[in-house]
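# Residue-level structure breakdown
Residue-level listing of the chains:
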Amino acid sequence: MAVAVTVRIRLDKYLADMGYGTRSEIKKEIVKGNIRVNGAVERKPETKIDTEKDKVIYNGIPAVYEQYEYYMLNKPAGVVSATFDRKDCTVVDLIEARQRKDLFPVGRLDKDTEGLLLITNDGELAHRLLSPKKHVDKVYYVKIEGYLTDEDVERLADGIDIGEDRPALPARLVIRKSGTVSEAEITIQEGRFHQVKRMFHALGKEVIYLKRLRMGSLVLDETLKPGQYRKLTEEERNGLC
Ligand code: URA
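Within every chain, residues take consecutive numbers counted from 1 along the sequence as written. Totals for whole chains, interfaces and linings use all residues, but because this is a predicted model, local features are given only for residues with pLDDT of at least 70 and pairs of side-chain atoms are given and counted only at 80 or more. Water and hydrogen atoms were dropped before computing side-chain values, which therefore reflect all heavy atoms in the structure.

Moving on to the overall build of the protein. Scanning the protein for helices and strands turns up six helices and 15 strands. In terms of overall size, the protein is more extended than a compact globule, its C-alpha atoms giving a radius of gyration of 22 Å where 241 residues would be expected to give roughly 18 Å. Burial status follows relative accessibility: with a 1.4 Å probe on protein chains alone, a residue under 20% of its type maximum counts as buried, one over 50% as exposed, and anything between as partly exposed. In the protein, which comprises 241 residues, the proportion classed as buried is 46%. Contact definition: two residues touch when any of their heavy atoms are within 4.5 Å. Counting only contacts in the protein whose residues sit at least 6 apart along the sequence, the fraction spanning at least 24 positions is 65%. Note that accessible areas follow from Shrake-Rupley with a 1.4 Å probe, and for residues the cover is restricted to the protein chains shown. For the protein, the computed accessible surface area is about 12800 Å², with 50% contributed by carbon and sulfur atoms. Taking the average place of the 42 positive charges on the side chains of the protein and the average place of its 40 negative ones, the gap between the two points comes to 6 Å. By definition, any uninterrupted DSSP run of H or I lasting at least four residues is a helix, any uninterrupted run of E lasting at least two residues is a strand, and each is numbered from the N terminus. To get the radius of gyration, use the C-alpha atoms; to get the globule rule, take the number of residues to the power 0.38 and multiply by 2.2 Å. We treat Lys and Arg as the positive residues and Asp and Glu as the negative residues; His and chain ends play no part in the count. Positions of charges follow a simple convention, taking NZ of Lys, CZ of Arg, CG of Asp or CD of Glu.

Membership of the largest hydrophobic core comes to 30 residues, with the highest contact counts inside it found for Ile119, Val142, Leu156, Ile186, Val196, Met199 and Phe200. Both of domain 2 (70-131 + 218-239) and domain 3 (137-215) provide at least three residues apiece to this core. With residues near it in sequence (within four places) discarded, methionine 199 still touches Leu156, Ile160, Ile162, Ala168, Leu169, Ala171, Ile186 and Ile188. As used in this record, nonpolar core signifies buried Ala, Val, Leu, Ile, Met, Phe, Trp, Tyr and Cys residues forming a set joined through side-chain atoms within 4.5 Å. Note that the domain bounds were set by an automatic or database domain assignment.

In this section: the environment of tyrosine 71. The topology assignment puts tyrosine 71 in strand β7 (residues 70-75). Relative accessible area serves as the criterion here: at 1%, tyrosine 71 is assigned to the buried category.

By secondary structure assignment, the location of lysine 75 is in strand β7. By salt bridge we mean one thing: a side-chain nitrogen of Lys or Arg within 4 Å of a carboxyl oxygen of Asp or Glu. Here lysine 75 sits buried without a salt bridge, and the closest side chain of opposite charge, aspartate 112, lies 6.6 Å off (N-O distance). Here lysine 111 takes part through its backbone oxygen, which lies 3.0 Å from a polar atom of the side chain of lysine 75. For lysine 75, the residues in contact, after removing those within four places along its chain, are Ser81, Val91, Leu109, Asp110, Lys111, Thr113, Glu114, Gly115, Leu117 and Gly227. By the criterion applied in these results, polar contacts are pairs of N or O atoms within 3.5 Å in which, for protein atoms, one can donate a hydrogen and the other can accept it, and in which residues neighboring in sequence qualify only through two side-chain atoms.

With that settled, consider the pattern of salt bridges. Here the idea is simple: oppositely charged side chains can pair when their charged atoms come close. All told, the structure shown has 23 salt bridges when counted by the stated rule. Across the pair arginine 100 and aspartate 17 runs a salt bridge whose closest N-O atoms are separated by 3.7 Å. In this pair, arginine 100 is assigned in the loop between β7 and β8 (104-105) and aspartate 17 in helix α1 (residues 11-17), connecting sequence segments 83 residues apart. When its relative accessible area of 6% is taken as the criterion, aspartate 17 is described as buried. The shortest N-O distance in the salt bridge between glutamate 164 and arginine 192 comes to 2.9 Å. You can see glutamate 164 sitting in the loop between α4 (150-158) and β11 (172-177) and its partner arginine 192 sitting in the loop between β12 (181-188) and α5 (195-202), a full 28 residues away along the chain.

A few words on the environment of valine 79. Considering the arrangement of structural elements, one finds valine 79 in the loop between β7 and β8. Its relative accessible area of 7% is what places valine 79 among the buried residues. For the pair valine 79 and cysteine 89, spaced 10 residues apart in the sequence, the C-alpha separation amounts to 5.4 Å. Excluding residues within four positions of it along the chain, valine 79 makes contact with Cys89, Thr90, Val91, Leu94 and Lys111.

So, on to the sheet that holds strand β6 (residues 61-62). We treat two strands as partners when DSSP finds at least two bridges between them. Within the open sheet, the four strands sit side by side as β3-β2-β5-β6. Their pairing is antiparallel. This sheet does not close on itself; its edge strands, each paired only once, are β3 (40-41) and β6. In this structure, strand β2 (residues 35-37) lies alongside β3, joined through two bridges in antiparallel fashion. Note on β3: the bridge partner recorded for valine 37 is alanine 40.

Buried within helix α2 (residues 23-32) are the following residues: Ile26, Glu29 and Ile30. All buried residues of α2 lie within an arc of 100 degrees about the axis, which places them on one face of the element. More than 90 degrees from the buried face of α2, the exposed residues found are Lys28, Val31 and Lys32. Glycine 33 occupies a position one or two residues after α2 and carries a positive phi of about 90 degrees. This arc is built from the directions going out from the helix axis to the C-beta atoms.

With that settled, consider the site of the ligand. Looking at the ligand, the residues that line it are Leu109, Asp110, Thr113, Tyr140, His194, Gln195, Val196, Lys197 and Leu210. One of the backbone N or O atoms of aspartate 110 is found 2.7 Å from an oxygen atom in the ligand. One of the backbone N or O atoms of valine 196 is found 3.0 Å from a nitrogen atom in the ligand. In isolation the ligand has 240 Å² of accessible area, and contact with the protein removes 96% of it. If one sorts the elements of the shell around the ligand by residue count, α5 sits on top with three residues. Definition of nearness: a residue and a molecule or strand are near each other if at least one heavy atom of the residue lies within 4 Å of the molecule or strand.

Below is the structure:
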């Protein structure tokens, strides 16, 4: 887990990182005298700021530096897991309270998938959570058209062929209800393209609803409605090693 440490960065970068504008827009504001550092007007964009100690005021409002931000989003259907999209709303667009402009989703959920998505700018953490070598559990709630059987449980536990060089790693399926529409929880440790849908497709069944419930130690806060988000608690952040 990345720990926020004191860093010294240029005043214009400090403000740009916090989303106050482009470096050139910010430089103009600095030169105009609209930024104060520790009470005094600072007109030099290159002035080094201690992110922990120095107090920066932008047009009268304190500009607090956040080196890392961590948000839990309950992703709604219809939104894409990207930082930018020409046509659709992205998961990052939903985080209106964000300070930093370099946030990204940790992994992708399909446009029609709902549920837990971590949004951060902590690249090292994202790498650890997504690395196939780390075998981080991802738990999904699924609704399936048709019956689920013990044979499905066994075939997924053996590692099912989804049409690639290697079969999927063994997955754990817990059937909650079997009927014309079945409900289950599936735990996988990879993040291949459309993985859960393809695993059920290989069993001859189709996913009609998919929602991620957990990623590693991070559990979806069920009080968040689709589209809602909140910052991770200190405990949740520290648990994601
Ligand atoms: N597997 C899928 O098929 N889709 C997702 O969005 C996530 C996992």
